[in-house]
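# Breakdown of the fold
The chain contents come next:
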Amino acid sequence: MAMKTRATVAERLPLDQILAGDCIEMMNSLPEGSVDLIFADPPYNLQLKGALHRPDNSAVDAVTDHWDQFASFAAYDKFTRQWLNAARRLLKPDGAIWVIGSYHNIFRVGTALQDAGFWVLNDVVWRKSNPMPNFKGKRLTNAHETMIWASKAEASKYTFNYEALKALNEGVQMRSDWVLPICTGHERLKDHNGDKVHPTQKPESLLHRVLIGTTNPGDVVLDPFFGTGTTGAVAKMLGRHFIGIEREEGYRKAALKRLDKVRRLDASALEISTSKRAEPRVPFGQLVERGMLRPGEVLLSPRGKPAKVRADGSLVSEAHRGSIHQVGAALEGAPSCNGWTYWQFKRDGQLIPIDILRQQIRSEMARNG
């Protein structure tokens, strides 16, 4: 009977769709206890008092949109409590939520989370490797945002893929400070004028880490502030279902166009792990998070032996699985192997050492350090 009920609920869910409208109304219209994870990027209520300018007097593309404007802290708090209550009703008993914010709002959101009955598991600092400078020089550069990860209740048996996150971090336990770049380059959506489609588009690497660590393939992930669809794009790629809610038509159109281009990975690439030098360490998983190598892509040894990249940054060959170093050593029958110099990937018919990609990240770290 319980299985039939769960199947009925799943049939009623608008899986892999973007719902148009107010997030609170839309969430209240969905079946109770039907969602595995919620990732929320709510308005930050930045309280900007006017346009921002650089020292050369050029305008800064800041968040001045109407959706980020509230009459008072009390109005923002009321909105926060309403959408959090709607979100908690939607979560399954063992569900969880991630909320991201800046110093403008995250402390108010944290209070509302606890008041609503959520159980805080971690606060995670996303430290931006390439933050926007503080142009006026009157405050510290805002180089991070904070994410709160909370289960629906203290007793919830929430999903936490510890070994997968450890593999993503090259065998080292994942910490609560994540150094990842902001959304730039080819990933940043632009309109026909070359302007940003959305001022606070989140990088796919951030959602990759969240979904690998706290969901499983087939789970339902809801984003009540869908924007241009980063959560949906990563969920689709990683074999999770998504439900997006977005009231702004322009963002919905951009998200739909983006999602149409996303390729869902094959099942073998979605498998995850279960249970160091003077230069800065770069985990191989960061190449996967940033899209420099894609899950399912094949790496080749110097003798042409293949191994497939998995979503958590590990490799799988015909007979072995593990880190780039472990699989390389196993293939060679050696006690150890430097996977960075051992493995190659193919681009435009050419074999390229994966260490090239590591050096590219190190160069970025040096420029931004």
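In this numbering scheme, every chain counts its residues from 1 along its sequence in written order. Two thresholds apply to this predicted model, a pLDDT of at least 70 for residue-level local features and 80 or more for giving and counting side-chain atom pairs, whereas whole-chain, interface and lining totals are computed over all residues. Side-chain calculation: all heavy atoms of the structure are included, whereas hydrogens and water are not.

With that out of the way, let us pick up the sheet that holds strand E7 (residues 220-223). In space, the eight strands of this open sheet follow the order E1-E8-E7-E2-E3-E5-E4-E6, with mixed pairing throughout. Bordering the open sheet on either side are strand E1 (17-20) and strand E6 (177-180), each of which pairs with just one other strand. Strand-to-strand twist in this sheet, taken as the mean axis angle between neighbours without regard to direction, amounts to 20 degrees. Taken strand by strand, helix H3 (residues 73-90) contacts strand E2 (35-40), strand E3 (91-101) and E7, and its axis lies near 145 degrees from that of E3. In the packing of helix H6 (residues 204-214) onto the sheet, contacts are made with E2, E3, strand E4 (119-128), strand E5 (144-151), E6 and E7, and the angle to E6 comes to roughly 140 degrees. Pairing between two strands requires that DSSP report at least two bridges joining them. Strands are runs of DSSP state E lasting at least two residues, helices are runs of H or I lasting at least four, and both sets are numbered from the N terminus onward. Whenever a helix is involved, its axis is fitted only over the stretch in contact; in every case the axis is a line through C-alpha atoms, and angles between N-to-C directions fall within 0 to 180 degrees. The contact definition used throughout considers only heavy atoms, calling two residues in contact when any of these lie within 4.5 Å.

For the protein, mean pLDDT is 88; residues scoring 70 or higher make up 89% of the total. Between residues 1-5, whose pLDDT stays under 50, and residues either more than four places distant or in other chains, the model counts zero contacts. The pLDDT value tells you how sure the predictor is about a given residue, anywhere from 0 up to 100.

At Glu-170, a position not held by glycine, the phi torsion is positive, near 60 degrees. Within the element layout of this structure, Glu-170 appears in the loop between helix H5 (162-168) and E6. You will see that Asp-348, though not glycine, has its phi angle at about 50 degrees, which is positive. Along the chain, Asp-348 turns up in the loop between strand E13 (344-347) and strand E14 (350-353).

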